[in-house]
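Below are the chains, spelled out letter by letter.
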Amino acid sequence: MVNETIQLNKGLTLKNPVMTASGTFGYGEEYSDFIDLSQIGGILVKGTTLNHREGNPYPRMAETPSGMLNAVGLQNKGIDHFVETIYPRIKDIDTNIIVNVSGSTIEDYCAVAEKVNALENIPAIELNVSCPNVKQGGMAFGVTTSGIEQVVSAVRKVYDKHLIVKLSPNVTSIADLALAAEASGADSVSLINTLLGMAIDAEKRRPKLSTITGGLSGACVKPIALRMVWQVAKAVKIPVIGLGGISSATDAIEFLLAGASAIEIGTANFIDPAITVKVAKGIVEYCERHGIKNVSDLTGALEV
Amino acid sequence: MKKITDFRLIEKKEWAKSTYLLLQSDEPLEDIKAGQFVQVKVDDAANTYLRRPISIHDVDYQNRTITLLVQRVGEGTNKISDTEINDTLNIIYPLGNGFTMPEDKDAKVVLVGGGIGIAPMYYLGKVLKEKGLEPVFVLGGRSKEDLIMLDKFSSVGEVYITTNDGSLGEQGFVTQHSVWKEKKFDMIYTCGPKPMMMAVANLARENDICCEVSLENLMACGLGACLCCVENTIEGHVCVCKEGPVMNINKLLW
């Protein structure tokens, strides 16, 4: 019997290392026809801002080789709508419901974090300092160590549960940013957010996205994400949550071996809405095959 | 309930640009409303990474079959069209909202399809007929090659045809057909290229007729999770995959 439990700090316990990446899984409800939501380690709900946001104009998506670009731009109805309407619907799902908190000013981040802090059944937030699709969509904070320090330390003062900081790959040294997050009070870091990319329709001589550039995700980003998780895990002491192109149990195990304590599945949910439970099962099978008692023993077990 | 199911291809008809695929499930079908769509998995190849949304052309609960009409517009639809008999397609269905059924059994309904947009009009016509209404079809294409399965449409209701080149029916656009002068309608349902649907929506507004359109924005998940396929409406950005694909023209900004 393999022990799948992942113990992150500040009382955040995952029943298995598989979570869903924000913006790819709605509020969980969109997937309840396909899987038993209680069988996954956590659900990172859609990026939530202080006020309602309409997001970017259509078209917001372009398929690219083994991946896709998106430019949604944090469309959401704001934190009050989440608290009043969505939270009551999802709070009793038997998994960790984690709110991805986005903003454009430090005050906004803090205001949202404070409101989520009051929600009993939300054990953690993921601070999105890395959305590439909105002006000051956090990426302004997320690409410098001083920006990370400002926003993370400010949120830390108003939020006392598990604080995950989601890092941008669109930087020179992601490990430096992870260290800045750790020094500012983050309980864990998740990486990577999408890579800034672009697609062009040559026939029409026009960009495929209304915003010209957008965030790249899907299987194509996996080697980059894996490398960054490896670098960050070596640099920090806090747990690392790995994501970026994970589409199978093997992919997930690679991230754990590189140093991730848990993983998030994003774009693969679009192709197989039941992928999360398959990955969780596949990790257990791998452990059985290799005589590993605890899934957590895989973390950083890469032999180099 | 939405489901991921393998459907086996049991019958296929091919035309120059489009393909008829009759697909059978081993399990009883979920309840499918006219106007709903499916997400078809293509393969794991680099250029066909995401599923392809395709509208449902016909449903047969007894034989556990659904029918898709697929137009070859790119690599994904080419691969789906090239599926061979006995091969399976992995399909997520039924997705989105269907067309609204008229409450008045005597309502005069017209179903306007353009190009491959004729596909969902057949199942809608069939359902309307089962409910005791008499659907009228106005179908348009660039030329007669675009207008397939016409016998099936004729078995459900009167069919009026337009083609841009005049190779079949009246020459011109669907909105220019003489039937609009001869008959009065209470409800218009339409699916086709956006310029055509815009013309149909204008015709509906000018004549004060209730009208629903089926939209086809680029989408990734098909489940309302990724928020990529949004249409800007009087209620702001809404997902075509979840709030649509069928929308009343009163909700649209065009």
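Throughout, a residue's number is its position along its own chain's written sequence, starting from 1. The naming scheme follows written order: chains are lettered A onward, ligands numbered 1 onward. Local features are withheld for residues below a pLDDT of 70 in this predicted model, meaning they are given only at 70 or higher, and side-chain atom pairs are given and counted only at 80 or more; totals for whole chains, interfaces and linings count all residues. Note that the side-chain values use all heavy atoms of the structure and ignore hydrogens as well as water.

1. Focus on the overall build of chain A
Note the threshold: Elements are defined by DSSP. Helices are runs of H or I of four residues or more, strands are runs of E of two residues or more, and each kind is numbered from the N terminus. Only the C-alpha atoms count toward the radius of gyration. The rule for a globule is 2.2 Å times the residue count to the power 0.38. Type-normalised accessible area, obtained with a 1.4 Å probe on protein chains alone, sets the label of each residue: buried when under 20%, exposed when over 50%, and partly exposed for intermediate values. The contact rule is simple, with two residues in contact once any of their heavy atoms fall within 4.5 Å.
Within chain A, the regular secondary structure consists of nine helices and 16 strands. Taking 304 residues into account, the globule formula puts the C-alpha radius of gyration at 19 Å, and chain A, at 18 Å, falls close to it. Its C-alpha atoms put chain A at 55 × 50 × 40 Å along the principal axes. Each of the 304 residues in chain A was classed as buried or not, and the buried ones make up 61%. Taking contacts inside chain A between residues at least 6 apart in sequence as the whole, the part at least 24 apart equals 70%.

2. A look at the environment of Ser104(A)
The residue Ser104(A) is located in the loop between β7 (96-101) and α2 (106-117) in this model. Residues Ser104(A) and Ala71(A), spaced 33 residues apart in sequence, show a C-alpha to C-alpha distance of 16 Å.

3. With respect to the domain arrangement of chain B
For an interface, size is often stated in terms of accessible area lost upon the parts coming together. All names here are of chain B. We apply this condition: Domain delimitation in this document rests on an assignment produced automatically or drawn from a domain database. Reported buried area values correspond to the accessible surface (1.4 Å probe) lost by two parts on association, with both partners' losses combined.
Partitioning chain B into domains gives domain 1 (3-95) and domain 2 (109-214). On a C-alpha basis, the centroid separation for the pair domain 1 and domain 2 is 23 Å. Listed per partner, the contact involves 17 residues of domain 1 and 14 residues of domain 2. Summed over both sides, the interface of domain 1 with domain 2 buries roughly 1500 Å², with 61% coming from carbon and sulfur. When the buried surface of domain 1 facing domain 2 is broken down by residue, Ala34, His57 and Leu69 rank first, second and third, together holding 36% of it.

4. Topic: the nonpolar core
Keep this limit in mind: What we call a nonpolar core is a set of buried Ala, Val, Leu, Ile, Met, Phe, Trp, Tyr and Cys residues that are connected through their side-chain atoms within 4.5 Å.
Judged by nonpolar contacts, the single largest core of 143 residues is most densely connected at Phe82(A), Ile125(A), Leu127(A), Val155(A), Leu191(A) and Ile188(B). Each of domain 1 (3-95) and domain 2 (109-214) of chain B gives at least three residues to this core. Aside from chain neighbours lying at most four places away, what touches Leu127(A) is Val101(A), Tyr109(A), Val151(A), Val152(A), Val155(A), Leu163(A), Ile164(A), Val165(A) and Lys166(A). Ala107(B), Val109(B), Val127(B) and Phe137(B) belong to the second largest nonpolar core, which has 49 residues in total.

5. Let's talk about helix α1 (residues 79-90) of chain A
All names here are of chain A. Formally: Here the arc refers to the directions that run from the helix axis out to each C-beta atom.
The complete set of buried residues in α1 reads Ile79, Phe82, Ile86, Tyr87 and Ile90. With its buried residues spanning 105 degrees around the axis, α1 presents them on a single face. Those residues of α1 hidden inside the fold are in contact with β4 (42-48), β7 and α2.

6. A look at helix α6 (residues 222-235) of chain A
All names here are of chain A. Formally: Given the number of residues in a helix, its expected span is that number minus one, multiplied by 1.5 Å.
Between its first and last C-alpha, α6 extends 20 Å over 14 residues, near the 20 Å set by a 1.5 Å rise per residue. If you check which residues of α6 are buried, you get Lys222, Ala225, Leu226, Met228, Val229 and Val232. Buried residues of α6 fall within an arc of 165 degrees about the axis and therefore sit on the same side. The outward face of α6, more than 90 degrees from its buried face, is lined by the exposed residues Pro223 and Lys234.

7. With respect to unusual backbone geometry
The linkage connecting Tyr58(A) with the following residue, Pro59(A), adopts the cis geometry, with an omega of 0 degrees. Within the secondary structure, Pro59(A) is located in the loop between β4 and β5 (61-64). The amide bond that connects Tyr93(B) to the next residue, Pro94(B), takes the cis arrangement and shows omega of -20 degrees. Relative to the elements of secondary structure, Pro94(B) occurs in strand β7 (residues 88-95). Positive phi outside glycine occurs at Asn86(B), with the angle close to 80 degrees. Turning to its location among the elements, Asn86(B) is positioned in the loop between α1 (75-81) and β7. In this model, Met149(B) sits at a positive phi of 60 degrees, which is unusual for a non-glycine residue.

8. Notes on the pairing of strand β8 (residues 124-128) of chain A
Residues and elements named next belong to chain A. Here is the rule we go by: At least two bridges found by DSSP between two strands are what make those strands a pair. When the strands point away from the viewer and the connection leading from the first strand across the helix to the second strand turns clockwise, the crossover is called right-handed.
Summarising burial for β8: five of the five residues are buried, a large majority. Examined bridge by bridge, β7 and β8 share four bridges and lie parallel to one another. Note that in β8 the partner of Val99 across the bridge is Ile125. For the crossover that starts at β7, traverses α2 and ends in the parallel β8, the hand is right-handed. With five bridges connecting them, β8 and strand β9 (residues 162-166) associate as parallel partners. Its bridge partner being in β9, Glu126 is matched across the sheet by Ile164.

9. A short note on the interface of chain B and chain A
Spelled out, the test is: What counts as a salt bridge is simple: a side-chain nitrogen of Lys or Arg found within 4 Å of a carboxyl oxygen of Asp or Glu. Distance and chemistry together define a polar contact, namely a pair of N or O atoms within 3.5 Å, with one atom able to donate a hydrogen and the other to accept it when in protein, and with adjacent residues in sequence counting only for side-chain atoms on both sides. Amino acid classes used here: Ala, Val, Leu, Ile, Met, Phe, Trp, Tyr, Cys and Pro are nonpolar; Asp, Glu, Lys and Arg are charged; the rest, including Gly, are polar.
Opposite the 31 residues of chain B that make contact, chain A presents 34 residues. Taken together, both faces of the contact between chain B and chain A bury some 2700 Å²; the carbon and sulfur share is 61%. It is Tyr49(B), Leu227(B) and His237(B) that lose the most area in chain B upon contact with chain A, and together they represent 26% of the buried surface on that side. Linking chain B with chain A are two salt bridges, by the criterion used here. Across the pair Glu30(A) and Lys242(B) runs a salt bridge whose closest N-O atoms are separated by 3.7 Å. Connecting chain B to chain A are twelve residue pairs in polar contact (both at pLDDT 80 or more). Looking at the side of chain B that touches chain A, the elements with two or more residues in it are β1 (3-14), β14 (230-233) and β15 (236-239) of chain B. Partitioning the side of chain B that touches chain A into residue classes produces 17 nonpolar, seven polar and seven charged.

10. Overview of the sheet that holds strand β12 (residues 187-191) of chain B
Residues and elements named next belong to chain B. Quick note on the threshold: Orientation is described by axes fitted as lines to C-alpha atoms, over the contacting stretch for helices, and by angles from 0 to 180 degrees between their N-to-C directions.
Strand order in this open sheet of seven strands is β11-β10-β9-β8-β12-β13-β16, and the pairing throughout is mixed. Strands at the two margins of the open sheet, each flanked by one partner only, are β11 (170-171) and β16 (246-248). Taken together, the five bridges between strand β8 (residues 109-114) and strand β9 (residues 136-141) define a ladder with parallel strand orientation. Bridge assignment links Gly113 to a residue of β9, and that residue is Leu139. Running over the sheet, helix α2 (residues 119-130) touches β8, β9 and β12 and is turned about 165 degrees from β8. In the packing of helix α5 (residues 194-206) onto the sheet, contacts are made with β8, β12 and β13 (210-214), and the angle to β12 comes to roughly 170 degrees.

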